[in-house]
Structures are given as structure tokens and as C-alpha cells.
Amino acid sequence: MMEGVVVGSAAVCVRGLWKRFGQQVAVAGVDLELPAGKFIGLVGPNGAGKTTTLSMVTGLLRPDQGSVEVVGHDVWRDPVAVKARIGVLPEGLRLFERLSGRELLGYSGRLRGLPGAEVDKRAGQLLDVLDLTGAQHKLVVDYSTGMRKKIGLAAALLHNPEVLFLDEPFEGVDPVSAQTIRGVLERYTASGATVVFSSHVMELVESLCDWVAVMAAGRIRATGPLSEVRGEHTTLQGAFLELVGAQGRDAGSDLDWLGGGAR
Ligand SMILES: Nc1ncnc2c1ncn2[C@@H]1O[C@H](COP(=O)(O)OP(=O)(O)OP(=O)(O)O)[C@@H](O)[C@H]1O
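Definitions and cut-offs
Residues numbered from 1 in each chain as written. Predicted model: local features only at pLDDT ≥ 70, side-chain atom pairs only at ≥ 80, totals over all residues. Heavy atoms only, no water. Near = heavy atom within 4 Å. Polar contact = N/O pair within 3.5 Å; in protein donor to acceptor, adjacent residues only side chain to side chain. Areas by Shrake-Rupley, 256 points an atom, 1.4 Å probe, with all protein chains shown as cover. Helix = DSSP H or I, 4+ residues; strand = E, 2+ residues; numbered from the N terminus. Nonpolar A, V, L, I, M, F, W, Y, C, P; charged D, E, K, R; others polar. Buried < 20%, exposed > 50% of the residue type's maximum accessible area, 1.4 Å probe, protein only. Pairing = 2+ DSSP bridges. Right-handed = clockwise from strand over helix to strand, strands pointing away. Contact = heavy atoms within 4.5 Å. Axes fitted to C-alpha atoms, helices over the stretch in contact; angles between N-to-C directions. 1 Å grid on protein atoms, 1.4 Å probe; cavity = no way out; pocket = protein on both sides within 12 Å on 5 of 7 lines; lining within 4 Å. Points joined across faces, edges and corners; volume = space filled by probe spheres on them. Salt bridge = Lys/Arg side-chain N within 4 Å of Asp/Glu carboxyl O. Phe/Tyr/Trp six-rings, centres within 6.5 Å; stacked < 30°, edge-to-face > 60°.

1. Details of the site of the ligand
So, point 1. Near the ligand, the surroundings consist of 13 residues, among which G47, K50, T51, T52 and H200 are the closest.
So, point 2. Contacts to the ligand include G49, whose backbone N or O atom sits 2.9 Å from an oxygen atom.
So, point 3. Contacts to the ligand include T52, whose side-chain N or O atom sits 2.5 Å from an oxygen atom.
So, point 4. With the chains in place, 63% of the 630 Å² that the ligand exposes on its own is no longer accessible.
So, point 5. At the level of secondary structure, the elements contributing two or more residues to the shell around the ligand comprise β2 (24-35) and α1 (50-57).
So, point 6. Sort the elements by how many residues they give to the shell around the ligand and α1 lands first, with three residues.
So, point 7. For the shell around the ligand, the class distribution of residues is four nonpolar, seven polar and two charged.

Here is the structure:
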């Protein structure tokens, strides 16, 4: 069990969160309590407000209204305490392209205040587990999409955070790497830590998560244990389509010109 993590308490507590971009309301009054020690999936259609919510929860974007606490600390009043306890793999991750993967981890570890020998040890182990040892001296600019996700994940895990936030961690990742990432995350949550990740891939969320929050049009439509959110449906996909109001939508009925095969 991780030091400082009280199972049963909230890892993340969001109250009345709002964000507008001009006329566009991206997040419209989100209340959310995410329990510690769980593998949590934040799901929703394109434009639902997932990235905006995660950005506000991790201190990257200031809310218009509302409050966020992560492991009992207010993100906007006590940002240093929160940032020391979380790891983040944001969408459109920016990395130091002119460092090698190994150097990037060395730099991240030092920024986090870890002693050099400890950074070296952890970096070596993470590179190994994530199958990046062979590419550790390559510049990040030459990494593939999946390799970038993996080195970003290693940097986010290096200081052993209590809560890990991942925006679409499996996007652009091949099945073998996805399995590796999955193994690392399962091991991490088994220690009592919390993972919150956003995804569109329902099968993935269903197989990984024990807790789900469904978001659509800037609001939370359902949240709770996976089985509760799935309800009567046999799959999370079914529950999701009903919750976001997409069930029965006639895909492409207006595209009467589309039928290249029947020319
Ligand atoms: N910086 C911005 N400026 C203007 N509008 C924005 C900005 N960021 C997000 N939005 C708008 O806010 C809404 C929510 O976007 P967000 O990226 O949070 O959704 P999402 O659920 O992460 O979507 P996706 O699954 O497609 O990544 C969208 O309508 C988007 O166009």
C-alpha cells in the first residue's frame, strides 16, 4: 500500500467546474468525486470536455469557476503540493526534442528533486520495462508516436506519484506497446495508487477500469463503478451510446451519393 493513500477517500474532488472559450462552453458545471486506489476511465465523445476537465484538474488550465482538490490539496491554492503528488501525460505532449530518452528522464527526475543515483536506477528500470532501452540514446525528436507516449509515461511515473492523469495514453500505440503500458499501470494501481485516463475506446476502458465517468457536452452523465454505469447493457459501449444520446442515430443516411463500390 502506498504511503499517504487512504483507500476509500477521494483522489480527486471536483465541485462546480466551468470553462468557456468565448461562446463555447467546454465544461458546464462538473461535480466529480474519484476514489483513491482505482483505475478510472473518463469517457465521452469528441468535444465532450474531457481534455479541458483534465487540464483544469491537473493545474494546466485555470477554471472560470469551481474548485478542484487532488489528494486533499486545492489545485489552484496549493499547486506545488498537488504537482509533487501527481504525474501527467497530457494530450499533445511537448517533450524536449533535443534530449535523448535517457537524458529526458534524467532531467525530469532532477526537476522532481530526486537524488541522481535514484533517478538513474528508476530511469533504467522504466526504460527496460517499457522496452525503450535500445532507443534510450536516440533523440526524442526521432521517436515514433508510441515511443513518445512511452517516454512521456516514464517521465510521469519517475517520482512515483499518488495519482496519474493520462489523456488518451493508448492513442497511436501498437498492441504490443499497449499491453506493456497496461502492465505497468496495473502494477501501479495494485500498490494503491490512482490512474485517471481519458479514452474513446470503450473495450479498453471496460477491460481496464473499475470506475468510470461518462462525459458529454461538458457535463458528467454518469459516474460510478463500471458495473453500475454499464447497468442493464451487456457492454459499456451500449450504455455509453444511450447516455450520450447517440443510440439509433442513422449513420450516413444523408450521404446518398456515397457508394464508390457501386459505380
Ligand atoms: N483552447 C480552446 N479554445 C477554444 N475552444 C476550445 C479550446 N479547447 C477546447 N475547446 C472546445 O471545448 C470543447 C471541449 O473540448 P475538449 O478538447 O475538452 O474535448 P474532448 O472531450 O477532450 O474531445 P476529444 O475526445 O475530441 O479530444 C470543444 O467544443 C472544443 O472545441
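2. Observations regarding the pairing of strand β8 (residues 194-199)
Residues in a regular strand point their side chains to alternate faces of the sheet.
So, point 1. Counting buried positions over the six residues of β8 gives six, a clear majority of the element.
So, point 2. Burial of the side chains of β8 extends over both faces: T194, V196 and S198 are buried on one face and V195, F197 and S199 on the other.
So, point 3. Across five bridges, strand β3 (residues 39-43) lies against β8 in parallel orientation. Bridge pairing in β8 links G41 to F197.
So, point 4. Judged from the five bridges that link them, strand β7 (residues 163-167) and β8 form a sheet pairing that is parallel. Bridge pairing links L164 to V195 in β8.
So, point 5. Since β7 and β8 lie parallel, the crossover through helix α6 (residues 175-190) that links them has a hand, and here it is right-handed.

3. Some thoughts on the sheet that holds strand β5 (residues 73-74)
So, point 1. Taken together, four strands build an open sheet; the order of strands is β2-β1-β4-β5 and the sheet is antiparallel. Unpaired on one side and paired on the other, β2 and β5 mark the two borders of the sheet.
So, point 2. For strand β1 (residues 10-21) and β2, the ladder comprises nine bridges, and the chain directions are antiparallel. Residue pairing in the sheet places R20 in a bridge with V25 of β2.
So, point 3. The sheet strands contacting α1 are β1, β2 and β4 (65-70), and the helix crosses β1 at an angle near 120°.

4. Describing the layout of surface pockets
So, point 1. By volume, the largest pocket is sized at about 540 Å³.
So, point 2. Considering the residues around the largest pocket, the lining is formed by 19 residues, among which V88, L93, S108, R112 and A155 are closest to the centre.
So, point 3. In terms of residue count, the dominant contributor to the lining of the largest pocket is helix α3 (residues 101-111) (four residues).
So, point 4. Of the residues that constitute the lining of the largest pocket, the class distribution is 12 nonpolar, four polar and three charged.

5. Description of the pattern of salt bridges
So, point 1. Here the structure, examined in full by the defined rule, presents 10 salt bridges.
So, point 2. Note that K19 and D64 form a salt bridge whose closest N and O atoms lie 3.6 Å from each other. One end of the pair, K19, is in strand β1; the other, D64, is in the loop between α1 and β4, with 45 residues separating them in the sequence.
So, point 3. Residue D64 is classed as partly exposed on the basis of its relative accessible area, which comes to 40%.
So, point 4. Put simply, D64 and R20 hold a salt bridge, and the shortest N to O gap is 3.9 Å. On the criterion of sequence distance, the pair formed by D64 in the loop between α1 and β4 and R20 in strand β1 is long-range, its members being 44 residues apart.
So, point 5. Taking relative accessible area as the criterion, R20 reaches 38% and is therefore assigned partly exposed.
So, point 6. One network of salt bridges, in which partners are shared, links K19, R20 and D64.

6. Some points on the packing of aromatic side chains
So, point 1. Enumeration over the complete set of coordinates arrives at three aromatic pairs.
So, point 2. Look at F39 and F197: their rings are 5.8 Å apart centre to centre, the planes differ by 80°, and that puts the pair in the edge-to-face class. Taken together, the positions of F39 in strand β3 and F197 in strand β8 put the pair 158 residues apart, joining distant regions of the chain. With respect to burial, F39 and F197 carry one shared label: buried.
So, point 3. Seen in terms of ring centroids, F170 and F197 are 6.0 Å apart; in terms of plane orientation they differ by 75°. Their pairing is edge-to-face. Residue F170 is located in the loop between β7 and α6, and its partner F197 is located in strand β8; the two are separated by 27 residues in the primary sequence. For the pair F170 and F197, one class covers both residues: buried.
So, point 4. An aromatic cluster is defined as three or more aromatic residues linked by ring pairs; in this entry it consists of F39, F170 and F197.

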